[in-house]
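# Residue-level structural notes
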Amino acid sequence: SEPPAIQTEWGDRAKSVRVVAEGRVVRLTQQAVSEFMFGQRVAFMEVFCSAMEMTLGVRALGLCAPDGIDKLYPVGGRPWDLRYPTDQGRAQELLDDLNPRVTYLAPPCTSLCIIGSKPAEGTDAADEGLSVVRFSVAQVRRRARRGAAASLESPKSARTWKLECVVREFGTRENPHASRH
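Computed from a predicted structure; not experimentally measured.

## Side note on the overall build of the protein
- In terms of regular secondary structure, the protein is built from six helices and three strands.
- Considering the protein as a whole, with its 181 residues, one finds that 38% of them fall into the buried category.
- Taking the intrachain contacts of the protein between residues at least 6 apart in sequence as the baseline, contacts between residues at least 24 apart amount to 56%.
- A total accessible area of about 11,300 Å² is found for the protein, and carbon and sulfur atoms account for 55% of it.

Right, here's the structure in full:
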């Protein structure tokens with residue numbers, strides 16, 4: 001059964017804490033409570049963030065940027081593995097709940113880069129590489145539908161830019177879609 005609720009003026013913003021907490025007790029600082037009350041919006045969210053360099057830069061500007069989504073930063077004691085649909089669904093739910101103004105996605109390109117492993121098509125490694133790119137492209141499209149911005153990072157020479165899902169969303173380097181470059 002659900003614990004007794006406390007009615008607040010936070011509206012749906014409290015749901016974000018519930019999703020991230022995954023049933024654990026949450027203690028909020030006075031600043032966090034203030035931000036809930038006055039509706040500060042997440043400015044930036046980094047996905048596949050490794051050292052969170054972009055996140056740290058955004059924070060240095062004084063903007064709201066929570067820890068990114070990456071296997072290095074577990075949420076609720078559970079690590080992320082965005083190669084798999086279950087964690088992709090968790091990440092999408094978190095992105096939808098936080099609704100950042102800008103989402104920055106930099107999926108690992110190991111299987112798609114010139115110097116990467118180049119797994120054979122149809123292998124688990126190739127399928128996992130495609131899965132994270134498809135997830136990333138879907139998030140770019142989803143963020144745009146919600147009136148937010150998103151970007152996809154991959155090395156210039158990576159095969160990422162030749163994948164059908166990427167070309168459909170962004171166009172090609174020679175002929176990019178309007179506002180997608």
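## Observations concerning the side chain of Thr 103
- By the secondary structure assignment, Thr 103 is in strand E2 (residues 102-105).
- Of the residues examined, Thr 103 reaches a relative accessible area of 0% and is grouped as buried.
- With sequence-adjacent residues up to four places away left out, Thr 103 is seen in contact with Met 45, Val 47, Leu 95, Arg 143, Ala 149, Ala 150 and Ser 151.

## Comments concerning the confidence of the model for the protein
- Put simply, the protein has an average pLDDT of 83, and 80% of its residues get 70 or more.
- The element-level mean pLDDT for the protein is lowest in helix H2 (residues 30-38), coming to 66, with E2 highest at 96.

## Digging into the sheet that holds E2
- Spatially, the three strands line up as an open sheet ordered E1-E2-E3, and their pairing is parallel. Strands with a single pairing partner mark the edges of an open sheet, and in this sheet they are strand E1 (44-47) and strand E3 (149-152). Neighbour to neighbour, the strand axes of the sheet diverge by 15 degrees on average, direction disregarded.
- Bridge analysis of E1 against E2 gives four bridges, and the strand direction is parallel. Residue pairing in the sheet places Met 45 in a bridge with Thr 103 of E2.
- Taken strand by strand, helix H3 (residues 53-60) contacts E1 and E2, and its axis lies near 170 degrees from that of E1.

## Focus on the pairing of E3
- Residue alternation in E3 divides its side chains into a buried set, Ala 150 and Leu 152, and an unburied set, Ala 149 and Ser 151.
- Inspection of the sheet shows E2 paired to E3 by four bridges, in the parallel sense. Paired with Thr 103 across the two strands is Ala 150, which belongs to E3.

## Quick word on the side chain of Ser 154
- Within the fold, Ser 154 resides in the loop between E3 and helix H6 (164-170).
- On the basis of relative accessibility, which here comes to 12%, the residue Ser 154 falls in the buried class.
- A distance of 2.9 Å separates the side chain of Ser 154 from the side chain of Thr 160, its partner in a polar contact.
- Apart from the residues within four sequence positions on either side, Ser 154 is in contact with Cys 109, Thr 160 and Trp 161.

## Thoughts on the packing of aromatic side chains
- Summed over all chains, the structure comprises two aromatic pairs.
- Plain terms: the ring middles of Trp 161 and Phe 170 are 6.2 Å apart, the flat faces sit at 80 degrees to each other, and that makes the pair edge-to-face.
- Relative accessible area serves as the criterion here: at 22%, Trp 161 is assigned to the partly exposed category.
- Judged by relative accessible area, Phe 170 falls into the buried class, the value being 12%.
- For Arg 90, the ring lying beneath its charged end belongs to Trp 80, and the centroid distance is 4.0 Å.

## Looking at the pattern of salt bridges
- Evaluation of the coordinates by the stated rule reveals eight salt bridges.
- A salt bridge links Glu 169 to Arg 141; its shortest N-O distance comes to 3.5 Å. Here Glu 169 is found in helix H6, whereas its partner Arg 141 is found in helix H5 (residues 124-145), with 28 residues between them in sequence.
- Overall, Glu 169 belongs to the buried group, its relative accessible area being 12%.
- Taken together, the shared-partner salt bridges in this structure form one network comprising Asp 81, Arg 83 and Glu 128.

About the criteria used
Residues numbered from 1 in each chain as written. Predicted model: local features only at pLDDT ≥ 70, side-chain atom pairs only at ≥ 80, totals over all residues. Heavy atoms only, no water. Helix = DSSP H or I, 4+ residues; strand = E, 2+ residues; numbered from the N terminus. Buried < 20%, exposed > 50% of the residue type's maximum accessible area, 1.4 Å probe, protein only. Contact = heavy atoms within 4.5 Å. Areas by Shrake-Rupley, 256 points an atom, 1.4 Å probe, with all protein chains shown as cover. pLDDT = per-residue confidence, 0-100. Pairing = 2+ DSSP bridges. Axes fitted to C-alpha atoms, helices over the stretch in contact; angles between N-to-C directions. Polar contact = N/O pair within 3.5 Å; in protein donor to acceptor, adjacent residues only side chain to side chain. Phe/Tyr/Trp six-rings, centres within 6.5 Å; stacked < 30°, edge-to-face > 60°. Lys NZ or Arg CZ within 6 Å of the ring centre and 35° of its normal. Salt bridge = Lys/Arg side-chain N within 4 Å of Asp/Glu carboxyl O.

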